[in-house]
Amino acid sequence: MRRNLIFILMSIEIMLNGTGVAFVAAGSRWGQPDGQIMFLFILAMAAAEVSVGLALVLRLYHLHNNLDADAANEMRG
Amino acid sequence: MEAAFYIAGIVAIVSTVLTISRLNAVHALLYLIVSLLAVAVAFYAMGAPLVAALEVIVYAGAIMVLFVFVVMMLNLGKRAAIAEGQWMQGSIWVGPVLLSAVLIAEVVYLILRARLPEIAVGVIDPKQVGLALYGPYLIGVELASMLLLGALVGACHLGRPVHEKTEARYDRNSDGARAHSGGNLIRAGIGRTPDAP
């Protein structure tokens, strides 16, 4: 199991990209531009998510000096 | 065009599998960029040229550059790869892989049973997309702009340097620190730069 935060963010990108592929394929199947518009929204959301996520990763790395996702467990619910 | 789509799809799947199985972050990023470029080719073959260009420009150009910058900044080396190798072994992934294999077999069966439609019904040119984007989806564009603004402010806030060391360094030069260390020092002007008023 992977616990590296960089790999977690990369996997989120892969999943969002897969969703976009599904949207564009569906839009292309029905000949409508709506699927591509949804992909544009997913693109904007992925850009926002990755910028905030990488800033958080940098802060966590300076705090704990490693990228283990389990190291950031002092926020107990 | 159909052959191009299938070849690009196979390249995308293979490079994505290689992405999530690499131990070194830079190698994984290289495979991820290849995967995104292959998906862009698949988009073009599906008749979506605007989205194909945006995939190359935004995903492979901007987001991946962010990842490369951060990986280079953190300077992950052999130690991180060894740690990942220790985490990845074990039989935790067997269950999800089996369940996903069942789902993939189901999808392949359904695709092979159904009548195969043509890949590209027609090319949806950027003009159509733009007209729909700034017509019925205008509120979505506004929401996306607000989301990007929020991400900008959040990244600036999280990325600013706040360590005890830098805070102490700034505090030493401030008037408050000088008043804390004794009033005579303020009157004598110790610690001020010469060109300060």
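Chemist: I keep staring at the overall build of chain B and nothing clicks. Help me out?
Modeler: Across its full length, chain B carries 10 helices and zero strands. The order of α-helices and β-strands along chain B, N terminus first, is α-α-α-α-α-α-α-α-α-α. For chain B, the proportion of its 197 residues judged to be buried stands at 24%. Nonlocal contacts in chain B, meaning residues at least 24 apart in sequence, comprise 57% of its contacts between residues at least 6 apart. Roughly 13300 Å² of accessible area belongs to chain B as shown, and the carbon and sulfur atoms make up 70% of that amount.

Chemist: What is the right way to look at the interface of chain B and chain A in this model?
Modeler: How big an interface is tends to be stated in terms of accessible area lost as the parts join. The interface of chain B with chain A comprises 58 residues on the first partner and 50 residues on the second. Counting across the interface, chain B meets chain A through zero salt bridges. Linking chain B to chain A there are five residue pairs in polar contact (both at pLDDT 80 or more). At the level of elements, α1 (2-21), α2 (25-45), α3 (49-74), α4 (78-88), α6 (126-133) and α7 (138-159) of chain B are the ones that each hand at least two residues to the side of chain B that touches chain A. Ranked by the residues each element gives to the side of chain B that touches chain A, the list is headed by α3(B), at 13 residues. Residue classes in the side of chain B that touches chain A are distributed as 44 nonpolar, nine polar and five charged.

Chemist: How should I be thinking about the packing of helix α1 (residues 5-30) of chain A against α3(B) in this particular structure?
Modeler: When two helices pack together, their arrangement is given by the angle between their axes and by how far apart the axes lie. Two numbers describe how α1(A) lies on α3(B): the axes approach to 12 Å, and their chain directions differ by 175 degrees. Classified by the interaxial angle, the pair formed by α1(A) and α3(B) is roughly antiparallel. Residues A:Ile6, A:Leu9, A:Met10, A:Glu13, A:Leu16, A:Asn17 and A:Val24 of α1(A) form the contact with α3(B), whose own contacting residues are B:Val51, B:Glu55, B:Tyr59, B:Ile63, B:Phe67, B:Val70, B:Val71 and B:Leu74. Of the residues belonging to the contact of α1(A) with α3(B), the class tally is 12 nonpolar, one polar and two charged.

Each value, and the rule that gives it
Residues numbered from 1 in each chain as written. Chains lettered and ligands numbered in written order. Predicted model: local features only at pLDDT ≥ 70, side-chain atom pairs only at ≥ 80, totals over all residues. Heavy atoms only, no water. Helix = DSSP H or I, 4+ residues; strand = E, 2+ residues; numbered from the N terminus. Buried < 20%, exposed > 50% of the residue type's maximum accessible area, 1.4 Å probe, protein only. Contact = heavy atoms within 4.5 Å. Areas by Shrake-Rupley, 256 points an atom, 1.4 Å probe, with all protein chains shown as cover. Salt bridge = Lys/Arg side-chain N within 4 Å of Asp/Glu carboxyl O. Polar contact = N/O pair within 3.5 Å; in protein donor to acceptor, adjacent residues only side chain to side chain. Nonpolar A, V, L, I, M, F, W, Y, C, P; charged D, E, K, R; others polar. Axes fitted to C-alpha atoms, helices over the stretch in contact; angles between N-to-C directions. Parallel < 35°, antiparallel > 145°, perpendicular 65-115°, else oblique.

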